Amino acid sequence: MRFRILGPTQVLLADGREVPVGGPRLRALLALLLIDAGRVVSAERLIDGLYGEHPPRGAANALQSQVSRLRQALPAEHNPVEFHPAGYRLAVDPDDVDAYRFERLAEAGRRALVDGDWTRAAAVLREALELWRGPALADALGAADAPAQAARLDELRLAAIADRVEADLALGAHGALIAELRELVAAHPLRERLRGQLMRALAALGRSAEALAEFEDARHTLAEQLGVDPTAELAAIHLAVLRGAERGSAEPALPSQLTTFVGREEELKRVDDLLGERRLVTLTGPGGAGKTRLAIEAAGHVDGEVRFVELAGLADGSDVPQAVLSALGLRDAGLRAPAEPGRLTTDRLVEALAERRLLLVLDNCEHVLVDAARLAARLLSACPALRVLATSREPLGLAGEALCPLSGLTLPPLGASALDTDEYAAVGLFAQRAVDVAPDFTVTPSNVEMVLRICRSLDGLPLAIELAAARLRALSVAEVAARLDDRFRLLSTGSRAVSPRHRTLRAVVEWSWDLLDDAERRVARRLTVFAGGATLEAAGRVCGLPASEFVDALTGLVDKSFVEMTGGRYRMLETVRAFCAERLAEAGEADRLRRAHTEYFLEFAWTASDHLRRAEQLHWLRLLDAERDNLHAALRRATAAGDASDAAGLVAALSFYWWLRGMRGEGARLAADVLELLGTEAPPGLTEEFALCVYNASLAGSGPLPSLGTQRSVIRSLDRPPRQPFLLYLSGISTGPPSGGAEHVDELMRELRRLVGPDVWINALGAMGSGSALMWSGQWDQARAALASGLEGFRSAGDRWGCMITLGALSELAAWQGDPETAGAHMDEAMGLVEALGSAVDQADMLRTRGEIRLRAGDLAAAHDDFANALLLAQRSGAPEFVASARLGLAQVARLRGDLAAARRFCEEALAGGLTGWYVGEAARAEIILALEQITEAEKAGAPPSADGA
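Residues numbered from 1 in each chain as written. Predicted model: local features only at pLDDT ≥ 70, side-chain atom pairs only at ≥ 80, totals over all residues. Heavy atoms only, no water.

A. Summary view of the overall build of the chain. For the chain, the count of helices and strands is 44 helices and twelve strands. Here the chain holds 950 residues, and 51% of them are scored as buried. Relative to all contacts within the chain whose residues are 6 or more apart in sequence, the contacts with residues 24 or more apart total 68%. When the accessible surface of the chain is summed, it comes to about 41600 Å², and 51% of that surface belongs to carbon and sulfur atoms. (Helix = DSSP H or I, 4+ residues; strand = E, 2+ residues; numbered from the N terminus. Buried < 20%, exposed > 50% of the residue type's maximum accessible area, 1.4 Å probe, protein only. Contact = heavy atoms within 4.5 Å. Areas by Shrake-Rupley, 256 points an atom, 1.4 Å probe, with all protein chains shown as cover.)

B. Region of the structure containing the side chain of Glu366. Mapping Glu366 onto the fold places it in the loop between strand E8 (358-363) and helix H15 (369-382). From its side chain, Glu366 meets the backbone nitrogen of Arg393 in a polar contact 2.9 Å long. (Polar contact = N/O pair within 3.5 Å; in protein donor to acceptor, adjacent residues only side chain to side chain.)

C. Spatial organisation of the packing of aromatic side chains. For the structure shown, the criterion picks out 16 aromatic pairs. With a centroid separation of 5.4 Å and an interplanar angle of 80 degrees, the aromatic rings of Phe656 and Trp801 are classed as edge-to-face. Here the residue Phe656 occupies a position in helix H30 (residues 644-660), and Trp801 occupies one in helix H38 (residues 800-816), the gap between them amounting to 145 residues. With 5.5 Å between their ring centres and 20 degrees between their planes, Phe726 and Tyr729 make a pair best called stacked. One end of the pair is Phe726 and the other is Tyr729, both in helix H34 (residues 726-735) and three residues apart, which spans about a single turn. A residue is classified by how much of its surface remains accessible, and Phe726, at 0% relative accessible area, is buried. When its relative accessible area of 17% is taken as the criterion, Tyr729 is described as buried. Feature note: the residues Phe656, Trp659, Phe726, Tyr729, Trp761, Phe794 and Trp801 constitute an aromatic cluster, connected by ring pairs. Sitting over the ring of Phe579, Arg583 keeps its end group 4.4 Å from the ring centre. (Phe/Tyr/Trp six-rings, centres within 6.5 Å; stacked < 30°, edge-to-face > 60°. Lys NZ or Arg CZ within 6 Å of the ring centre and 35° of its normal.)

D. Main features of the sheet that holds strand E10 (residues 402-405). Strand order across the open sheet formed by five strands is E7-E8-E9-E6-E10, with parallel pairing between neighbours. The strands lining the two open edges of the sheet, one partner per strand, are strand E7 (305-310) and E10. Across the sheet, the mean angle from the axis of one strand to that of its neighbour is 15 degrees, orientation sign disregarded. Across the sheet, helix H12 (residues 291-300) lies against strand E6 (280-284), E7, E8 and strand E9 (386-392), angled at about 160 degrees from E9, the strand it touches most. Lying on the sheet, H15 is in contact with E6, E8 and E9; it crosses E9 at an angle near 165 degrees. (Pairing = 2+ DSSP bridges. Axes fitted to C-alpha atoms, helices over the stretch in contact; angles between N-to-C directions.)

E. Structural detail: the pattern of salt bridges. Summed over the entire model, instances satisfying the criterion amount to 46 salt bridges. As a salt-bridge pair, Arg219 and Glu216 come within 2.5 Å of each other at their nearest N and O atoms. One end of the pair is Arg219 and the other is Glu216, both in helix H9 (residues 208-225) and three residues apart, which spans about a single turn. Arg219 sits in the partly exposed class, given a relative accessible area of 35%. We note a salt bridge from Arg541 to Glu537, for which the minimum N-O separation is 3.7 Å. Note that Arg541 and Glu537 are positioned in helix H24 (residues 536-543) at a spacing of four residues, about one turn of the helix. We classify Arg541 as partly exposed; its relative accessible area is 42%. The network of salt bridges with shared partners includes Arg182, Arg195, Glu210, Glu214 and Asp217. (Salt bridge = Lys/Arg side-chain N within 4 Å of Asp/Glu carboxyl O.)

F. Main features of the packing of helix H14 (residues 345-353) against H15. H15 packs onto H14 with a crossing angle of 35 degrees between their chain directions and a minimal axis gap of 10 Å. The crossing of H14 and H15 is right-handed. Only Leu375, Arg378, Leu379 and Ala382 of H15 make contact with H14, whose side of the interface consists of Thr346, Asp347, Leu349, Val350 and Leu353. For the contact of H14 with H15, the per-class residue count stands at six nonpolar, one polar and two charged. (Left-handed = near helix turned anticlockwise from the far one by under 90°. Nonpolar A, V, L, I, M, F, W, Y, C, P; charged D, E, K, R; others polar.)

G. View of helix H31 (residues 664-678). When the terminal C-alpha atoms of H31 are compared, their 20 Å separation across 15 residues agrees well with the 21 Å that a helix rising 1.5 Å per residue should span. At its buried positions, H31 is contacted by helix H29 (628-640), H30, helix H32 (687-698), helix H40 (840-856) and helix H42 (880-896). Downstream of H31 by one or two residues, Gly679 has phi in the positive range, about 100 degrees. (Expected span 1.5 Å × (residues − 1).)

H. Summary view of the nonpolar core. Counting residues in each nonpolar core, the largest one holds 196 residues, and the members touching the most others are Leu389, Phe430, Phe441, Leu527, Phe562 and Trp801. Each residue touching Leu527, except ones within four places of it in the same chain, is listed here: Ala539, Cys543, Leu554, Leu557, Val563 and Met572. Grouped together as the second largest cluster of nonpolar side chains are 67 residues, Ala150, Leu153, Leu194 and Leu234 included. (Core = buried A, V, L, I, M, F, W, Y, C linked by side-chain atoms within 4.5 Å.)

I. Seen up close, a nonpolar patch on the surface. On the surface, Leu190, Leu226 and Val228 cluster together into a nonpolar patch covering about 230 Å² of accessible area. Topologically, Leu190 is positioned in the loop between helix H7 (174-187) and helix H8 (192-204). Relative accessible area serves as the criterion here: at 34%, Leu190 is assigned to the partly exposed category. (Patch = residues over 30% accessible without salt bridge, like charges linked within 9 Å, V, L, I, M, F, W, Y side chains within 5 Å.)

J. Molecular detail of the confidence of the model for the chain. Residues of the chain with pLDDT of at least 70 account for 85%, and the chain-wide mean is 81. Element-level mean pLDDT values for the chain span from 57 in helix H21 (residues 487-490) up to 95 in helix H27 (residues 590-611). With pLDDT under 50 throughout, residues 245-252 is counted as low confidence; its partners more than four residues away or in other chains account for 17 contacts. Every residue in residues 331-343 is under pLDDT 50, and counting partners more than four places away or in other chains gives 23 contacts. (pLDDT = per-residue confidence, 0-100.)

K. Region of the structure containing unusual backbone geometry. Despite not being glycine, Asn364 has its phi angle at roughly 65 degrees, a positive value. Inspection of the secondary structure puts Asn364 in the loop between E8 and H15. On the basis of relative accessibility, which here comes to 4%, the residue Asn364 falls in the buried class.

L. Inspection of H38 at higher detail. The end-to-end C-alpha separation of H38 is 24 Å, in line with the 24 Å expected for 17 residues at 1.5 Å each. Counting buried residues along H38, 15 of its 17 residues qualify, which places the element largely inside the surrounding structure. N-cap assignment for H38: the residue whose side-chain oxygen lies 3.0 Å from the backbone N of Trp801 is Asp799. Looking one or two residues beyond H38, the residue adopting positive phi is Gly818, at roughly 75 degrees.

See below:
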C-alpha cells in the first residue's frame, strides 16, 4: 500500500485503487500514525491529537475503538496497525509514505545540485514536488503537534522549489521561469533567495532594468516589514547586475558568512603569507576545527578572481572535475569550442584556465582525496597563473604543498581571571555565539570557570563551541558544563543552513570515522584507553596489532587528522576520543584494552621507580610526568575494577615519584581508595604494597588507618626484599625513628642488610637516618661523619633527592656548631638540587630549613622572607606539615621582634592545619605547642628573648 498525507489523507493499493478510510477522525488518526511511520506512537499523544487538551471521559477506550475501526477499514491482508504496551505502531516502510519519500528525494536533489549535476537535480526535485496534492496533513491539522509538522514540510517544499529553480537556471531555462518566480515572490515577498533567482533570470534575458527594480522592491519590503537591509548575497547579485556581469550566474565567488570570524589571527596571517609565496596551500585538521571558515576568510583577502568548490557532497571522486567546472560557471559543451567525443572534463578545465589568474578553493577534499590531488596536480602544472587553496583532514600529498594545520582555538591557562579570558579566541567565540541566543550573556567571575570548562573539554574546536553556546537558549552555563560528559547528545542541534555532517558534533566525527579503513578504526578505538596521549611504543604494545600494520594505521590516523602527533606523543582530541570510546565498547574490547593498558603502565612504573634512585633520575622524572595521566588512569581503573594486586602495585611503584614531585595529597587520595579495596589487613603476597598504601594515605591526615606498628616491625613483616626501597623513608617519617636513637637505627640497618644484601642507596639512606638521630642526640662529630657517608652514597647512586636532604641536615648541623659559612655552602648546594628536581614541596622544606638557620644567626629579615616563601609554596603544594612549620618560623620571627600578638596568631593558624595521624605532623604540632608556651612566658615577662634563645 501507499499512503499520502501531503494533502488529504489517502491509502492506495498497488493497482492504484483508493482504500476508503472513513470519517475525519479516522483519517486524522491515520495521519498521526503516518507522521511517525514505523515507530511507536504513545496512546497519550494520539489522544491529545484526536481530542485536544480536554479529552472526554473514557478517551482511552474511545482511542481503542478508533484503532479497531482503522484496522477494519484497511485490507486484512495488509493490515499494518500494531498494538504495543507503549502505544500503537503503523508497521510500514517510510518510503511508502509520500512525506518521507518527498524528504528523501528533496535531499537527493539538493545533493545533485551541490554536485553540479543540474539535469539530475531538476528531475529528482520535480519528482519530489509532484507528490504534493494540497496542504500537508490536511486531515490532522487539529491535532496537537500536526501544525508544526505541517509547517516543517511546507518549509521543505519551498526549499525544494528554490533548489529546482536553481537547477533550471543552471540549465538555461531563464525565460520559462520568469512567470513562476514572479508568483513565488508575490506569495513569499521576504524570501530573498527567490527574489535573487528572479533577478538573475531577468538579467540573463537582458532585462537588467526589471532585475534592478526587483531589488529596489525587495529593499523597500524588507525595510518596511522587518526594518532590515537585504543580505550580502542579494546585494552581490544586485552589484553583478549593475556591472552587467549577470549572464547565467550571479552567485558570489565565496559563500557569504552569517556570523563574525573569531580568532585564528596567526593562522590567517600564515595562510595569507603562503598564498603570496606558494601555489598550493592546504589547511588540515580535524572536523569542526574551522578549516572551511578560515579558507573563506583567507580567500576573501586575495586580490583577483576566486572560485569556491564544495566537494563534501560528492559521492564519487570522478565527479571532482565536474564540480570545478560547475563552480567556474562553465558547461561541459564548449568552453572555447564545442565538446568533442571522448574529450575529458579535465582537458576542458586546463584549456579554460591556461591563461586565467585565479585562486581555486577546493573545500573538503578528504573523501575524494586521490581525485582532488590528481586534478590539482594537473591544473597547477598546466596553468601557471592558477593557485589552489585546499581544505582536508589530510594533506593532498603533492610536491610543493604548503601545510597549515589547525586544531582548537587558543585557551586561557589554568587560573586565568574573567578579565584575562576575553583575549583568548575559544572564550571569545563562545561569548559571541552565546549572545546570539541569550542577549544578556557575558563572561563574569561567577561563570568563568564553567565557561573555561566547556571550552577546554571541547578542545577549543569552533564547531563544538558554537553548538555548546547554542544550548544557552534553554540551559544555563552550569547546566551545559555539567552535561558535557554526554557531549554527543548535548551538542545534537546545529544550524539547518549547513550541510548535515556539520549540524551535530556526532555527525562531524562520524564523517571522519567513515573515511577510515578497518585497521585505522581498530587503532583509533583502542587508543581511547590512553589518557593524555601515548608514545609510539606504548600505543603499539597496548593496541596489540602487528608492528607494520599498527604503524601504517597510526600514520593514516595522523594524516587524516584523527590523531595529533606532538612532541613524540600521539593524542586524540577529547571529542574524537569520546566517540571512539563508544566504538571500543561496541566492539567488546573495553575490558581487554583496560587490562593491557594497566599491565603496560604497571611495568613502566616499576621500571621508572628503579631509575629514580640513579643518575638518570631527572630523565625518568620527565618520562613519568609525561605519563602521569595514564598512570593515574590505570590506577583508578584497576581500583574500580577490583584488581587489588595491580592497584596496590601501582601505588607502591609510584610512591617515590609522588614524593619527588610533591604530589603527596593526590597520592594519598589514590592510596586511600586502594585501601578500601584491600581491607584492614595485608592480603597474601601484598605486604609491602599494603604498607605503602597505608603510609601514602597517612600523608593527607585522613581518617583512621590500619596500624602497621614500628618501622622495625614493618621491615620484619616483609617476606622478600622491598621492591620499593622508599618504603624505608616513608615508614620513618610516618612512625618516627627507632626509640633508641642512632644505635637502634644501626641495628635496624643490619636487619635490613640481611634481608636485601648490599645496596648503595639503602645504605646511604641508613647513614643519613643514623646521622640525623646522632645530630638530635647531640653527638655532632659522629653525626657529621654519618651524614657525610650518606651524602657520598647518594652521590655514588646519582640520587639528587637523597643528596639534597642530607645536605640540608649537614647545613643545620653546621649552623648549630656555629659555622655559618659551611652551613651556607651546604644549603646553596641543596637549593640547587631542589631547583633541578622541580619539587615545590622540597623547595618549601629547604626554605624553611634555611629560615631556621638564618633565625639562629639572628638575620630576622632574611629568615622572615624564607619562611614567607616556604609558606606560599607549601600552601600551593598542599603540604600541611610544611605550612605549619613555615607559620611556626614566622611566629618565631614575630616573637623575637616583640610582636607577640602576631606570633600567637601564626601559631594558632599552624595548629589548625591538620597535623595529626603521622609522626612528622605530630612532631610539628609538639614544636608549635612549645612555641606557644614560650610566647606565653614572654607575655608574662613583658620582653622578647634574644635570637640565641630561639
